[in-house]
Amino acid sequence: MSFSRPGSMNTSPGRQSTRTPRIYFLSISCLTASCSNFEPCLQLSILACWGRMISPQVRGALPTAVAVALCVAIGASVILQSESAVNGSDHINIWVVTHTHDDVGWLETVDGYYIGQVQWILDTAIRCLIENPERRFTYVEIAYFYRWWNEQTPDMQQAVVKLAKSGQLEFNLAGWCMNDEAATSFFSVINQMAEGALFLHDNLDAGVYPKVGWHVDPFGHSSVTPSLWADMGFDAFGINRIDFRDKDRRKANKELEFIWRGSRSLGSETEIFAHIMDSAYCTPGECGYDGNLQIQNDPLLPTYPLNYVAQGDAFVKMARSRNQWYIHDHILIPYGCDFAHQNAFKSFDQMDKLIAYVNSNATLNATVKYGTFGEYIQAINSLNLTWPVYTGDFFPYANNYGEYWTGYYTSRAQLKGYVRSRAALLRATEFLVYWAAKTTSPTAQDTKLGLEQLGLLRRALGVVQHHDGVSGTEKQAVANDYYLQLYHGTVVCEELSALVLSDIIKSGAEGPQLHQNSSQVFPNFTSAEEIAVVVFNSLGWERDVAVSVPTNLTNLVVHDAAGKTVVSQLLATPSYNPEYFNITSHELIFIVHLPAFGYDTFFLSQGSGVAESEFVHVTAGDTVIENKQLAATFTAATHRLGSVTIKDSDKVLTLDNNLVQYTSAAGNGEPNSGAYVFRPAQDNRIHIGQQKTGAYHSQDWHFYLKQEKYAELDFPLLISMPASQPGVHFADTFTSSTSHTDVYQTSFHIWRADGARGWSQDLWMNYAILDPAQPPLNQMTGYEHGSVEVKPSTHFCANVEINFKSGFTSTPHAILGVESRELNAHVFTATVHLINQQTAAVNVCRADGILGGWQKSIYLNYVLWNSGSTLNPDHVQAGSLSFSVNTTQPHQVNITLENFPVFSGMVLATAMSKSGAVYVVTSYNSTSSGVGLNIHSMEGRPWNDEITVSWMVFQRNTVESPVMVDENITTTVTSGPIVQEVRQVFKDRYAVTTRLYQGASPEFQYLEQTFDVGPLDLGRELVSRYVTNITNPTWYSDDTGLELIPRQFDPSKDEPVAGNYYPMVMGSFLNDTSSSISLSVLSDRSHGSGNLGSGCLEVMLHRRCLQDDHFGVGEVLNETDHIRPRLWLVPTDTDESAYNLRRKLSLELQNPATVMYGKAPAGSWSKSCKTSASAMTKPLPDNVHLLSIKARNNSESGKIEEYLFRFQHVFEKDEPTQLAQQVAVNVTDYFVSGAQPSLTQEMTLSGNRDRSSVNRLPWRSASGDGYWPTQSSYHKHSWKADDANTVQLVPRQIRTFLGN
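Right, let's walk through the structure included here.

Definitions and limits used
- Residues numbered from 1 in each chain as written.
- Predicted model: local features only at pLDDT ≥ 70, side-chain atom pairs only at ≥ 80, totals over all residues.
- Heavy atoms only, no water.
- Phe/Tyr/Trp six-rings, centres within 6.5 Å; stacked < 30°, edge-to-face > 60°.
- Helix = DSSP H or I, 4+ residues; strand = E, 2+ residues; numbered from the N terminus.
- Lys NZ or Arg CZ within 6 Å of the ring centre and 35° of its normal.
- Buried < 20%, exposed > 50% of the residue type's maximum accessible area, 1.4 Å probe, protein only.
- Pairing = 2+ DSSP bridges.
- Axes fitted to C-alpha atoms, helices over the stretch in contact; angles between N-to-C directions.
- Contact = heavy atoms within 4.5 Å.

Thoughts on the packing of aromatic side chains
Now for step 1: Applying the stated rule across the entire model yields 57 aromatic pairs.
Now for step 2: The interplanar angle of 50° and the centroid separation of 4.7 Å between the aromatic rings of Trp405 and Phe1111 together place this pair among those described as tilted. Placement of Trp405 in the loop between strand 13 (403-404) and helix 14 (413-439) and of Phe1111 in the loop between strand 59 (1096-1104) and strand 60 (1126-1133) is noted, with a sequence separation of 706 residues between them.
Now for step 3: Members of the aromatic cluster, joined through ring pairs, are Phe219, Phe395, Tyr397, Trp405, Tyr408, Tyr409, Tyr676 and Phe1111.
Now for step 4: Across the ring face of Phe258, the terminal group of Arg250 is positioned such that the distance to the ring centre comes to 4.6 Å.
Now for step 5: The ring of Tyr1230 is capped by Lys1178, whose NZ or CZ atom sits 4.7 Å from the centre of that ring.

What follows is the structure, given as structure tokens:
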């Protein structure tokens, strides 16, 4: 593409040299003269202007006086402006890192972004680099670069290679995308990174590879990621989005840079230097030339004021302010943002001018240069500083109070499941391609086509690993495009896998063809034919598998290759499963044993068949299903799963399972729950905001989100109290009343009671609904609550008596609130005058500045308690505080809380006056350790009084509800030779199938739960909650499926539910060493998971929100999909076998057996096909997983010349099992002749470099470990050619080898 190049700092055809005056020469002339005062410096500036800036042509055209006057003005401007420069400061090195962050789909599709934006970024940026060797540009997403590269001429491609090898163009990260870190599996992360790195290796040059990587936009950061990047040979990792409080702390402590020890198992071996963006990844406003900011340094443009000095000074000032957060004098300034530099000519030209000015002005004491992230890291490394070591991750991410980005762990659950299953398909197909290529003789054309088909799905999967892809945070149209790309890749990969397995099983040149869809063989199936069911196991271990065949036939018989009948079971497809119900009526299930990395064949024929399993409707009594390992009880009391017995040890795990829906927060002035943010709605507080004019404010607030809870109340009683903003506004005092309260809505009325008018602060309203089933009353005993009618009054105050329903043994405390009900323009306050064990005298007064009375009854709501009452201190704390006052000003008192676990509790308080005066109380600065109260008299005169304030602080109520009350759950059960199964319909669109398979193998020690859910009720977020008797659990969630991370429930977080959610990529488990029992929950896709109390684990299944959360996608997450997520519940003892079982089952769930179908005349299949085979002579050790086999084609012949093999140690260091030890595998011993790999070279994890050639930068650790990584540490387990195909693995290690 051809572009007309605008003028720049350098002489070019687009702009003549006579049009390139540069004002910064003025400051140079001043500095070189070492001017000490204004006049001589101004004279030098005038001369410099005359000689250097005013060209001969211009000097000849202008009258001399005019030219001199112009120079005087310019010189004075420069000198005067330079007075604002920072003098005497330490020198600072400023690295301008020009970059673009190109989302691989988000608001537009991938191709839409490329056509509309990305191609112009690369076109213009590359040309700008060619033009000026001082410039630098950073690029990340190879999914886009791949498209652009294929459009370029050979000359341009060579120019790009030259730029990359010189360092002007840096491929930072160089994955297919910038992947998400919470919803991605480590397998898919490695694949997408390798796809990008190998594209550069194969198409640019072997010497072009990423040395650093940054993740500036993913929403939180995994601890596995830095360890993977270290294994790819990276020197450093840049991140950005961490909890805002953590970032502020790190700024204050100068800990934005550190050594990150990502893997607890591998320790310092995979440490990497980490840099956290101090502010964001986008251009600061002081140099926003990639946006609308313009720099002007040309005096011959007199109508556009010169601004380069002011901009340069502001730029340096900004850089200095940010540099104070680091321990050195270097600062990285990002120059770019989302899809930045679409006209790179402009943005480079503008930045050139800024850099030239700053570098020419010695008074600024700063050096600015273009740089890459890699160059910045090299500079920091050369300082030889000592760095702290951090072990852990950065989840959950919150960018503000109440805004935890934990919703995207589950958002678009259907897409998450599809992505995971496509990754399994890709892996199985790659294994079959390897086996076929080694043992059959595919043509070069077939091989080339096969690799192209694999590439289509691999690239589609690479795209959707993007942090706005599998995360579920993209627009619906973009999600549809992801599905389409994955579908196209699926079709060709399924065809390829069927073709290559057909070739593998054939005994001769001819044989039947396999299909991956049973619908391709069942039509026209006759009794003279048989259907072959070929089941392929891609794992390196033998396994037992339950095979499910969807069918409309009820007369099928299963037999093996020897003709022996295989036990099977026929189940009707449930009507709540639309995926199959409208297509196939039944499911035929049988259990098979499969060889390692091999297949077996079973046959279906028409005959007498097996009787369809009968489902019995359960109406009373407990229901038990069991197999040889477990017995699961569904209790009559709840109609739900209640417990599981582990038969080997006879231990009983309480397992109360329920489907619960959180209500999505929406509106009311607080953050919304949306695609990114999970925020369940909460009662007890609403946001009022500012009221800058006037004193009165009315706020209507609807209860429509809570109507299920309060619909049984005839008339909810409510007490409210304003909450003032801490800081300068703490002395503001307010009072409030409510009106029109019913089960749907209420109106709050607020009055500023301290005499001032309006308020500029962010005001909140705390309230309690006096419902015994809701906070705070549900956490109290021995209390009394009620309401007293207050008759109309002609006076602005009335005396009210409360007669207690049952006397207290001591004087109670009282919290009061006034409901004006029909008087929606009246505000009242209430103060206790006298109180004893049987009665209380209360003054109720208008508090809205009106001295008149009221014409309709109002109501005084109250709650009373005393020392005989019991309060749950983790949920509600209460008491009283007495003091004397003699003042005319609002009086402040502080209440101390005893280890209140909530960050900011709801505060209600009422004053009692000895004198009978009337007071209002406002809370401020509510924290977990205490709360402030502001008390103000309504009398408007000096007050001398003894006051007692009764107060109560309680946790907010999170709005949730069971999907269905227990007695309305419909339960049916069946028992057969293959499965025992319970089907439960909670209500329409909410169903759960729980199965126990009847296999003898320990592999069947799990309950399989399949959830048929959706579309959800609008504004609901569905969880499966498991309440166990594991009383002292250690809770673990997995990190990308590779490592387990111990988690700790923190009830003090400002969002106690959402703030305690973590990613669950493949599983989560509770472990109780005291009772020697554990529960693992394994998943077929990513979810959010939380342990919200001792022994309680919940998994979020699906989300359908009410509003957008306003973080960029601009679209409500209103998913109406029906989804079928699957969980395996694994109750075990806590002995060694439990750890072994958990790891193996997780891999089996992630890598299901591949089932294919063929049809042939009865008895003929075995004559033309091998019915069973394995590529291995024996199973791999139980701790070794053959993670992947990727074919590499480096020649024009189309033949596969090399493969990348990845071997994984599946256990972590210090797991209490003998398998968590170093292991050695000679691969020659495990593969059959012809399929044996010959390992020639160990590679980095991404497969693009010889591992022995990698020399990572060493960093000095503050932990006392010296410099890490040393080259000996990085190559500690390096393979050598004389190892004769032996691979050694330490726990958690993944090693990559090139073989042929």
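Okay, back to it.
Observations concerning unusual backbone geometry
Comment: phi is negative for the bulk of residues other than glycine, and the bulk of peptide bonds are trans.
Now for step 1: Cis geometry marks the peptide bond from Phe395 to Pro396, where omega comes out at -10°.
Now for step 2: Along the chain, Pro396 turns up in the loop between strand 11 (389-390) and strand 12 (398-400).
Now for step 3: Between Gly1014 and the following residue, Pro1015, the backbone shows a cis peptide bond with an omega angle of -5°.
Now for step 4: Tracing the chain through its elements places Pro1015 in the loop between strand 51 (1007-1013) and strand 52 (1020-1028).
Now for step 5: Phi angles above zero are rare outside glycine, and Asp650 is one such case at about 60°.
Now for step 6: Assignment of secondary structure puts Asp650 in the loop between strand 23 (641-646) and strand 24 (651-663).
Now for step 7: The phi dihedral of Asn899 falls on the positive side, at around 50°, and the residue is not glycine.
Now for step 8: Within the secondary structure, Asn899 sits in the loop between strand 42 (891-896) and strand 43 (906-913).
Now for step 9: Accessibility expressed as a relative area gives 69% for Asn899, which makes it exposed.

Concerning the sheet that holds strand 18 (residues 586-594)
Now for step 1: The antiparallel open sheet is built from three strands, whose spatial order is 15-18-17. Only two strands of the sheet have a single partner each, and these edge strands are strand 15 (543-551) and strand 17 (568-572). On average, adjacent strands in this sheet sit at an angle of 25° to one another, irrespective of strand direction.

Here's the deal with the sheet that holds strand 64 (residues 1202-1209)
Now for step 1: An order of 63-64-70-66 is seen for the four strands of this open sheet, with the pairing classed as antiparallel. The outermost strands of the open sheet, each flanked by one partner alone, are strand 63 (1184-1192) and strand 66 (1239-1243). Adjacent strand axes in the sheet meet at a mean angle of 25° when their direction is disregarded.
Now for step 2: The sheet contact formed by strand 64 and strand 70 (residues 1294-1299) spans six bridges and is antiparallel. The partner of Phe1205 across the bridge, within strand 70, is Phe1297.
Now for step 3: Against the sheet, helix 8 (residues 186-203) touches strand 63, strand 64 and strand 70, its axis set at about 30° to strand 63.

As far as function goes, none of this settles anything; it's purely spatial.
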